[in-house]
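# Overview (structure and organization)
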Amino acid sequence: DQQVKQNSPSLSVQEGRISILNCDYTNSMFDYFLWYKKYPAEGPTFLISISSIKDKNEDGRFTVFLNKSAKHLSLHIVPSQPGDSAVYFCAASDDTGKLIFGQGTTLQVKP
Amino acid sequence: DAMVIQNPRYQVTQFGKPVTLSCSQTLNHNVMYWYQQKSSQAPKLLFHYYDKDFNNEADTPDNFQSRRPNTSFCFLDIRSPGLGDAAMYLCATSRERHVNEKLFFGSGTQLSVL
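Let me begin by describing the structure that accompanies this report. Since we're looking at a predicted model, the values are computed, not measured.

Tallied over the entire structure, the rule returns 2 disulfides over all chains. A sulfur-sulfur distance of 2.0 Å marks the disulfide that ties A:Cys23 to A:Cys90. Its torsion about the S-S bond being -70°, the disulfide of A:Cys23 and A:Cys90 is classed as left-handed. Here A:Cys90 lies in strand 9 (residues 86-93) and A:Cys23 lies in strand 3 (residues 19-25), a separation of 67 residues in the sequence. Each member of the pair, A:Cys23 as well as A:Cys90, is classed as buried. Put simply, B:Cys23 and B:Cys91 are joined by a disulfide, and their sulfur atoms are 2.0 Å apart. Since a negative S-S torsion denotes a left-handed disulfide, the B:Cys23-B:Cys91 link at about -75° is left-handed. Of this pair, B:Cys23 sits in strand 3 (residues 19-25) while B:Cys91 is found in strand 9 (residues 87-94), placing the two residues 68 residues apart along the sequence. Since its relative accessible area comes to 1%, B:Cys23 is described here as buried. For B:Cys91, a relative accessible area of 0% gives the class buried. Its sulfur unpaired, B:Cys74 is 6.0 Å from the next cysteine sulfur, which belongs to B:Cys91.

In structure tokens, the structure reads:
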């Protein structure tokens, strides 16, 4: 029973356009949400996070939106760059600090 | 500077032959985690250590064991690997076991079982 779901396995966008990656969760006890980025042959690296008390967090080209009523979050990348091509994992944390990951979305940004 | 180091990057073992994967960290973090990731699936938490306190996930098979001899090192032992255990194994650390802690990952060990 998957508590964190990324329903789009892949996404392709043109350089300079917006990339929107989506994530849904089922457990209303999740308090903290994170996005990780993974390049081939490397481990996931932290990208951006959001607390459940907020609905938006921005860091440069990356913005995460949280809709608690819909149990949905999204990552916006504007403008997208070829170097953003990677696998993006959504993760959620409960009060124990344990991270539950989604399956990942492979983003390809075309020059 | 690598902060979470996993060795080896690739490991091939035979069906039923015990194998050990290693992880070390230079961050002096209290918590170390082992995740299993099969192709196109979510990383799945197997267990974690909070200092010397071992915490097993309920659905982690008994075939998987772990050791943490000191703060810096953590090992994943697979006693009798099956074909279904072929996966990427990711080690991660965090400073504390709090809700807003970030995890720092190693590059992973890709395990093949022949």
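Picking up after the structure, the text goes on.
Taken together, the contact between chain A and chain B spans 22 residues of the former and 21 residues of the latter. Together chain A and chain B conceal approximately 1,600 Å² of surface at their shared face, both sides included; 61% is due to carbon and sulfur atoms. Where chain A touches chain B, the interface holds 1 salt bridge. Inspection of the chain A/chain B interface yields 4 residue pairs in polar contact (both at pLDDT 80 or more). Listing elements by their share of the side of chain A that touches chain B, those giving two or more residues are strand 4 (32-38), strand 9 and strand 10 (99-101) of chain A. No other element matches the 4 residues that strand 4 of chain A contributes to the side of chain A that touches chain B. Split by residue class, the side of chain A that touches chain B holds 9 nonpolar, 7 polar and 6 charged.

With that out of the way, let us pick up the pairing of strand 3 of chain B. Residue and element names in this part refer to chain B. Judged by how many residues are buried, strand 3 sits mostly within the fold: 6 of 7 residues are covered. The pairing of strand 1 (residues 4-7) with strand 3 spans 4 bridges and is antiparallel. What sits directly across from Val-4, in strand 3, is Gln-25. Taken together, the 6 bridges between strand 3 and strand 8 (residues 73-78) define a ladder with antiparallel strand orientation. Across the sheet, Leu-21 pairs through a bridge with Leu-76, a residue of strand 8.

What counts and how
- The residue numbers shown here count from 1 along each chain, following its written sequence.
- Working convention: letters from A go to chains and numbers from 1 go to ligands, in the order in which they are written.
- In keeping with the predicted nature of the model, local features appear solely for residues at pLDDT of at least 70, side-chain atom pairs appear and are counted solely at 80 or more, and the whole-chain, interface and lining totals rest on all residues.
- Only heavy atoms go into the side-chain values, all of them from the structure, while hydrogens and water stay out.
- Note on terminology: pairs of cysteine sulfur atoms within 2.5 Å are recorded as disulfides.
- To qualify as a helix, a DSSP run of H or I must reach at least 4 residues; to qualify as a strand, a run of E must reach at least 2; elements of each kind are numbered from the N terminus.
- For every residue, the accessible area obtained with a 1.4 Å probe (protein chains only) is divided by the maximum for its type, and the residue is called buried under 20%, exposed over 50%, and partly exposed between those limits.
- By definition in these notes, contact holds between two residues if any of their heavy atoms fall within 4.5 Å.
- Once two parts are put together, the accessible area they lose, assessed with a 1.4 Å probe and summed over both, is termed the buried area.
- Should a side-chain nitrogen of Lys or Arg be within 4 Å of a carboxyl oxygen of Asp or Glu, the pair is scored as a salt bridge.
- Counting of polar contacts relies on pairs of N or O atoms within 3.5 Å, with two restrictions inside protein: one atom must be capable of donating a hydrogen and the other of accepting it, and residues adjacent in sequence are counted only when both atoms are side-chain atoms.
- In this classification, the charged set is Asp, Glu, Lys and Arg, the nonpolar set is Ala, Val, Leu, Ile, Met, Phe, Trp, Tyr, Cys and Pro, and all remaining amino acids, among them Gly, are polar.
- For two strands to be treated as a pair, DSSP must find no fewer than two bridges joining them.

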